[in-house]
Every structure is written in C-alpha cells, then in structure tokens.
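Examining the three-dimensional arrangement
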Amino acid sequence: MKEKKGILLTAFGTTIDEAAQTYKVLEARFRSAFPEFEIRIAYTSSIVRKRLKARGIDIPSPARALAQFGEDGFSEVCLQSLHVIGGNEYNDIVSTVIAMQSIPKGVERIVVGEPLLWNHEDYTRVANILHDYVSHIEEKPDSLLLMGHGTSHPANISYAALQEYFRRLNGTPVYVATLEAFPYLEDVTEELRDNGIKDLLVMPLLTVSGGHAITDLAGAQKESWKSRLQAEGFTVRTVKQALGDLPEIVDIWIEKAAQAIKKDC
C-alpha cells in the first residue's frame, strides 16, 4: 500500500475573508509543487480559531491537525511554518511536533520547515525580492516602509537584521519598523526625515493582509501608521499585498518544505 504523506501549512491565521484567500492561494501553490502530498492548514492563534468557530469555520490547531493526520493513517507529515520570523509562534509548533512524535500509533515521521527569515540566504533573497518589488512600481516613492509585527521574543532582532540587508542595496531605500517592538515607527520616522524622504509607500511585512494591515497600517483612525505619518507631513500610499501574495516569497516557503522533507531521508 502506498504511504500517505502530508504537508501541514501552519500560520498565525486571520478572521478577514480577503486575507484568508491568500492562504487558499498558498495551499494551491503547495498542491502544485507537491502533488504526492495532501495539503492541509492549521492556525496557531487560539483567538482567531475561536472567532472563526463562532462563524461556523473550523480551522484546527497544529496539535489537532497533526493528531488527525495520525488518525487518518499518514506515515509522514511536513509541518511548514508560514511565519515570517522564528519567534514564539514558530517555537510553539516545534514543541508541538516534539510532543506529538512520542504518541503511539501517531505519524511516524514529522519534520518542520523553517520560517521565512532563518539564515543569510533567506535575508538576502527577501531583501532583493522586496527591493525589486518597489523598483517596478510605476510612480516610484522616495522609500518603501515595511510594517512588521514585532515580538518580545529574541527573534525580534530579525527585523533589524533585515534592515541591514536593505542598507546594502542601491536604489530606492527600504525601511523596516514594527508594531510591537524595536524598531518602532517613531525610530524610523526620525531617520526618514533626516534622509529627506517625503513620499512613502507602506507595505505589510506580514504573511497576509489581515487586521493589522487593514486597521493598524491603512486605517482612517488617527493611531494608524498612515494617519500618523501623514500628520508628520509625509505623503503616504499603502499596499494591500502582503508577503504571501508575492510568488517569489512563496517560492522560498516551498523550497523550505522540500528541504525539510529531504532531511535525514
């Protein structure tokens, strides 16, 4: 009998229908890249899962999804992180995999694919992809500003590291700030002003354009990044596309899954 193999795409999740469509496109890309694998998705955010369940949408947690793979007779599963950095969410899924591997009659082999920004090659590729993205915009801005999430986890240094990779590229400058940790928007705003930048394109450095992109980035309220930057005298345009909408970025996650599947085989 042919062995059953699966890939579990694991993301923070979203309650925004339009953003959920990006996850569906990601699933389709993985099905095309791995036709011999069954593709499923899990959300790491319990709050998102609870809100969706109230609407009749049942997205499992990584633990429940892995247990279901076991019950369904799968011998091999690759859990591919769709997170941007290796922070708390990524560490939690690694811990989940370690726990699930000890369950009798569960999935025999579980491997984990790295998040987007993990090593030197990742930072180089992501920086070049996003730098190239802004270079193809018809009405070029003075700068591209990326909005990351930020975290209390030590992996928050990933945002400052990515900024350093952008600094090494010529052309339209790209800046990185986050919602919840350093570098904050205030830190970057001062640098933008010092460098004479006036026209900004602001884009989410997030997997999908969910609530943070719609409200915190482009919202009409005075606390949004768009409103705050406009109040500082900048001309601001916002981008709906997030990382998961860029095929070249999705290619990286697909390659990471392929690498994880081949590991120790």
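Residues numbered from 1 in each chain as written. Predicted model: local features only at pLDDT ≥ 70, side-chain atom pairs only at ≥ 80, totals over all residues. Heavy atoms only, no water.

This part takes up the pattern of salt bridges. Counted according to the given criterion, the structure contains 15 salt bridges. When the shortest N-O distance is used, the salt bridge between lysine 256 and glutamate 114 registers 2.9 Å. On the criterion of sequence distance, the pair formed by lysine 256 in helix 10 (residues 247–262) and glutamate 114 in the loop between strand 4 (109–113) and helix 5 (120–135) is long-range, its members being 142 residues apart. On the accessibility criterion, lysine 256 (5% relative accessible area) is buried. When salt bridges that share partners are traced, they join Glu38, Arg40 and Asp72 into one network. (Salt bridge = Lys/Arg side-chain N within 4 Å of Asp/Glu carboxyl O. Helix = DSSP H or I, 4+ residues; strand = E, 2+ residues; numbered from the N terminus. Buried < 20%, exposed > 50% of the residue type's maximum accessible area, 1.4 Å probe, protein only.)

Looking now at the packing of helix 5 against helix 10. Packing of helix 5 against helix 10 leaves a shortest axis separation of 10 Å and a crossing angle of 160°. Relative to helix 10, the element helix 5 is oriented roughly antiparallel. The way helix 5 lies across helix 10 gives a crossing that is right-handed. Here Asp122, Arg125, Val126 and Ile129 of helix 5 come into contact with helix 10, specifically with Glu248, Ile249, Asp251, Ile252, Glu255 and Lys256. (Axes fitted to C-alpha atoms, helices over the stretch in contact; angles between N-to-C directions. Parallel < 35°, antiparallel > 145°, perpendicular 65-115°, else oblique. Left-handed = near helix turned anticlockwise from the far one by under 90°. Contact = heavy atoms within 4.5 Å.)

Here we come to the packing of helix 1 (residues 17–33) against helix 10. Direction vectors running N to C along helix 1 and helix 10 enclose 50°, while the axes themselves pass 11 Å from each other. Between helix 1 and helix 10, the angle falls in the class oblique. For the element pair helix 1 and helix 10, the recorded crossing hand is right-handed. Of helix 10, the residues touching helix 1 (which contributes Leu26, Arg29, Phe30 and Ala33) are Pro247, Val250, Asp251, Trp253, Ile254 and Ala257. In the contact of helix 1 with helix 10, the residues fall into eight nonpolar, no polar and two charged. (Nonpolar A, V, L, I, M, F, W, Y, C, P; charged D, E, K, R; others polar.)

Following phenylalanine 182, the chain continues into proline 183 via a peptide bond in cis, with omega recorded as -5°. Structurally, proline 183 is set in the loop between strand 6 (174–178) and helix 7 (185–194).

All right, on to the UniProt feature "binding site: Co(2+)" (unreviewed entry) in the protein chain then. Within this structure's numbering, the places UniProt gives as "binding site: Co(2+)" (unreviewed entry) are His149, Glu180 and His212. Maximum C-alpha separation among the annotated residues is 11.3 Å over a sequence range of 64 residues, consistent with a single clustered spot. Within the secondary structure layout, histidine 149 lies in the loop between strand 5 (143–148) and helix 6 (157–167). According to the relative accessible area criterion, histidine 149 is partly exposed, its value standing at 26%. With near-sequence residues (within four places) excluded, histidine 149 lies in contact with Tyr159, Thr178, Leu179, Glu180, Leu206 and His212. Its location among the elements puts histidine 212 in helix 8 (residues 211–217). (UniProt positions renumbered as here; feature names shortened; annotations may be inferred.)

This brings us to the pairing of strand 1 (residues 4–11). Extensive coverage of strand 1 is indicated by the burial of six of its eight residues. You can see the chain leave strand 1, run along helix 1 and come back into strand 2 (residues 38–43), and the turn it takes is right-handed. (Right-handed = clockwise from strand over helix to strand, strands pointing away.)

Here asparagine 88 is to be found in helix 4 (residues 88–100). On the basis of relative accessible area, asparagine 88 is assigned to the partly exposed category, the value being 37%. Beyond its immediate chain neighbours, meaning those up to four positions away, asparagine 88 contacts Thr151, Ser152 and His153.

Strand order in this open sheet of four strands is 2-1-3-4, and the pairing throughout is parallel. Of all strands in the sheet, those bounded by a partner on one side alone are strand 2 and strand 4. Adjacent strand axes in the sheet meet at a mean angle of 20° when their direction is disregarded. Sheet topology note: the strand 3 (residues 74–81)/strand 4 ladder contains five bridges and is parallel. Paired with valine 77 across the bridge in strand 4 is isoleucine 110. Contacts from helix 3 (residues 62–71) reach strand 1, strand 2, strand 3 and strand 4 within the one sheet, and its direction differs from that of strand 1 by about 170°. (Pairing = 2+ DSSP bridges.)

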